[in-house]
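Residues per chain, in single letters:
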Amino acid sequence: MHDHVISRPASRRLGKHLASWLSRAVLAAALLPAPMMARGERFAFGVLGDAPYNDWQRAQMPALIAEMNIDDLAFVIHVGDFKHGDAPCTDTVYRDRRELFDSLHHPLVLTPGDNDWSDCARPAAGGYQPEERLERLRAMFFSGSTSLGQTPMPLVRQSPDYPENQRWQRGRVLFMTLNVPGGNNHIGDPRKPNPEYVARMHANLAWLAAGFAMARAQRLAAVVIAMQANPRFMRAPAGLANPGFEELIEHVRRETLEFSGRVLWVHGDSHLMRIDTPLLDAGVPLKRLTRLETYASPFLGWIRVRVDDDTPEVFRFEPQPYRPPRPPSMGDSRGSPSAGTGPG
């Protein structure tokens, strides 16, 4: 991707229509009956994503899931890209991943990635219409009122149009997912964004505002945002365009500043496991927001996140790199071409 001087026509157009959406979302949250204050709780959850990408990784997934199954986890979040970007976007692949996720003993919450729908227009992926594949994902992974996994947990879904935007609460921590795929968030030409992008981001930002309004009303200790894309935190401070993510970053910054608790922003996409504080406010890192990016192909693994919402930090992170029973052969370490190789 080439760097460009910042141009904000897409952000201005999106922002122009957001005021009524966000005000209605916040008003709706404010009009809910006064909730009882949630009690503190200690628990752990798992995070993984950007896997499996090839045949070898797919063959290792049952062993990795077995590791997670014996761990004491309240639930698991998969941040999307459950296949390589050039792997076929067929119903057969989708069914395989659904069966894989349902082999997890714990509840599993998925948020879709670009490899799973918005990149399906690639010839190697089958030349599908992305919006059609997104609707298929919604039918196969986001129907009903519970998570995936063998012990599903209740979820709140935003609407029939955006069931992949999910929310749940554990103790004094609110969790929410947003459909924000990698690449450029399926914006298309930033000067004339895809209608799908505009409508989806309206929904995403309204869901984000409603979640933070609930967290403030209940005086929660933390909010967790999970999505697939790396929103490229450092591009705007460097004077570079960041189409597809500028509006989202600004809204999360504002919501974090108005919220007294901690914020954990979980994503995948750029294939670099890291835990840091990349969101800036007036040029200074906003310390109450932590970014967690999980392991990704070609490396398998997951992150155990320990939560103690009675402590100031709330979150502790324990990376769990996957160690296969034996390494693959030197000639086939990244899987067959039909499954795709390397980051998508």
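Just so you know, these numbers come straight off a predicted model, no measurement behind them.

Caption draft 1: Quick look at the pattern of salt bridges. Counted according to the given criterion, the structure contains 23 salt bridges. Here D71 and R304 are joined by a salt bridge, their closest N and O atoms 2.5 Å apart. Of this pair, D71 sits in the loop between α3 (55-69) and β2 (76-78) while R304 sits in strand β15 (residues 301-308), and the two are 233 residues apart along the sequence. With relative accessibility at 16%, the residue D71 sits in the buried group. One salt-bridge network, held together by shared partners, links D71, R304, R306, R316 and E318.

Caption draft 2: Main features of the environment of I187. By the element assignment, I187 lies in the loop between β6 (173-177) and β7 (188-189). Among the residues examined, I187 registers a relative accessible area of 0% and is labelled buried. Note: C-alpha distance between I187 and Y197 (10 residues apart in sequence) is 5.4 Å.

Caption draft 3: Focus on the state of the cysteines. Using the criterion set out here, one finds one disulfide in the structure. The partner cysteine of C89 in its disulfide is C120, sulfur to sulfur 2.0 Å. Classification of the bridge connecting C89 and C120 rests on its S-S torsion, roughly -85°, and on that basis the disulfide is left-handed. Taken together, the residues span a long stretch of sequence, with C89 in the loop between β2 and α4 (91-101) and C120 in the loop between β3 (108-110) and α5 (130-141) at a distance of 31 residues. An identical accessibility class is assigned to C89 and C120; each is buried.

Caption draft 4: Region of the structure containing the pairing of β6. Among the five residues that make up β6, five are buried, leaving the element largely enclosed by the rest of the structure. Neither face of β6 is left uncovered, since the one carrying V173, F175 and T177 and the one carrying L174 and M176 both have all their residues buried. When strand β5 (residues 166-170) meets β6, the two strands line up antiparallel, connected through four bridges. Across the sheet, R170 pairs through a bridge with V173, a residue of β6. Adjacent in sequence and paired antiparallel, β5 and β6 are bridged by two residues, among which G171 carries a positive phi angle near 60°. For β6 and strand β9 (residues 222-226), the ladder comprises five bridges, and the chain directions are parallel.

Criteria and cut-off values
Residues numbered from 1 in each chain as written. Predicted model: local features only at pLDDT ≥ 70, side-chain atom pairs only at ≥ 80, totals over all residues. Heavy atoms only, no water. Salt bridge = Lys/Arg side-chain N within 4 Å of Asp/Glu carboxyl O. Helix = DSSP H or I, 4+ residues; strand = E, 2+ residues; numbered from the N terminus. Buried < 20%, exposed > 50% of the residue type's maximum accessible area, 1.4 Å probe, protein only. Disulfide = S-S within 2.5 Å. Pairing = 2+ DSSP bridges.

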